[in-house]
Amino acid sequence: MLKNTPKLLSPELLKALSEMGHGDELVIADANFPAHSMNAHVIRADGISGTDMLKAILTVIPLDTYASENFMLMETTNGDPTPTIWAEYEKIASSLDKNVKKKMIERFAFYERSKKAYLVIETGEERIYGNIILKKGVIK
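Parameters and conventions
- Residues numbered from 1 in each chain as written.
- Predicted model: local features only at pLDDT ≥ 70, side-chain atom pairs only at ≥ 80, totals over all residues.
- Heavy atoms only, no water.
- Salt bridge = Lys/Arg side-chain N within 4 Å of Asp/Glu carboxyl O.
- Helix = DSSP H or I, 4+ residues; strand = E, 2+ residues; numbered from the N terminus.
- Buried < 20%, exposed > 50% of the residue type's maximum accessible area, 1.4 Å probe, protein only.
- Phe/Tyr/Trp six-rings, centres within 6.5 Å; stacked < 30°, edge-to-face > 60°.
- Core = buried A, V, L, I, M, F, W, Y, C linked by side-chain atoms within 4.5 Å.
- Contact = heavy atoms within 4.5 Å.
- Axes fitted to C-alpha atoms, helices over the stretch in contact; angles between N-to-C directions.
- Parallel < 35°, antiparallel > 145°, perpendicular 65-115°, else oblique.
- Left-handed = near helix turned anticlockwise from the far one by under 90°.

Asker: Just checking my understanding: could you explain the pattern of salt bridges for this structure?
Answerer: A side chain of one charge can pair with a side chain of the opposite charge when the charged atoms of the two come close. For the coordinates displayed, the defined rule picks out eleven salt bridges. Across the salt bridge formed by arginine 113 and glutamate 69, the nearest N and O atoms sit 3.3 Å from each other. Note that arginine 113 is positioned in helix α5 (residues 107-116) and glutamate 69 in the loop between α3 (50-58) and β3 (71-74), a separation of 44 residues in sequence. For lysine 115, the salt bridge identified is with glutamate 112, shortest N-O distance 3.0 Å. Of the two residues, lysine 115 and glutamate 112 are both situated in helix α5; the distance of three residues between them amounts to about one turn of the helix. You can call lysine 115 partly exposed: its relative accessible area is 40%.

Spelled out as structure tokens, the structure:
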């Protein structure tokens, strides 16, 4: 057991987050995301929302201050409305890290970037477009 560590961060997930270096990226994926066909390093977090996972992760890692973007969302397609989860993600991130640099990424470009990510965390988030890529920064 550890003090002051969010309980939903499993030992496996804490290990992976610790292994990540500056500039490495991780994907917080919704339940519909094709995680296992995108990346070999997938940690499942069934039953945990994307918003709760984002809160927990940003309590233990900073966003990259040197990158032009460190908080990336998947753009909608086919005229889908703007997902409400995006505003929640932005509010959470801004409250926990003052260096949020948002970028919207086209769906298939998001998939390609996910293939190169250090880690994909597949949550139980059921809201569509609940996918986000975070770029880890330097711990000072």
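Asker: Teacher, can you tell me more about the packing of aromatic side chains here?
Answerer: The geometry of an aromatic ring pair is captured by the separation of the ring centres together with the interplanar angle, meaning the angle of the planes. Inspection of every chain in the model, using the stated rule, returns three aromatic pairs. When the ring of phenylalanine 33 is compared with that of phenylalanine 110, the centres are 6.2 Å apart and the planes differ by 80°; the resulting orientation is edge-to-face. In this pair, phenylalanine 33 sits in the loop between β1 (25-29) and α2 (35-38) while phenylalanine 110 sits in helix α5, placing the two residues 77 residues apart along the sequence. The pair phenylalanine 33 / phenylalanine 110 is uniform in exposure class, with both members buried. Aromatic rings pair up to connect Phe33, Phe108, Phe110 and Tyr111 into one cluster.

Asker: Would you mind showing me how to read unusual backbone geometry here?
Answerer: Both trends apply: most residues other than glycine have a negative phi, and most peptide bonds are in trans. Its identity as a non-glycine residue notwithstanding, asparagine 78 has a phi of 55°, on the positive side. Position of asparagine 78 among the secondary structure elements: in the loop between β3 and α4 (84-96). Assessed through its relative accessible area of 76%, asparagine 78 is described here as exposed. The phi dihedral of tyrosine 129 is positive, around 60°, even though this residue is not glycine. Within the secondary structure layout, tyrosine 129 lies in the loop between β5 (119-123) and β6 (132-135).

Asker: I keep staring at the nonpolar core and nothing clicks. Help me out?
Answerer: Leu26, Ile28, Phe33, Met53, Ile57 and Leu134 are the most contacted members of the largest nonpolar core, which has 44 residues in total. Residues within four places of isoleucine 57 in sequence aside, it is in contact with Leu9, Leu17, Leu26, Ile28, Ile121 and Leu134.

Asker: I keep staring at the packing of α3 against α4 and nothing clicks. Help me out?
Answerer: In helix packing, the relevant descriptors are the interaxial angle and the interaxial distance, both defined with respect to the helix axes. At a minimum axis distance of 10 Å, the contact between α3 and α4 shows a crossing angle of 15°. Compared by their axis directions, α3 and α4 come out roughly parallel. Note that α3 runs across α4; the crossing there is right-handed. Along its contact with α3, which presents Gly50, Thr51, Leu54, Lys55 and Leu58, the element α4 presents Ile85, Glu88, Tyr89, Ile92, Ala93 and Leu96.

Don't take any of this as a statement about function, it's just geometry.
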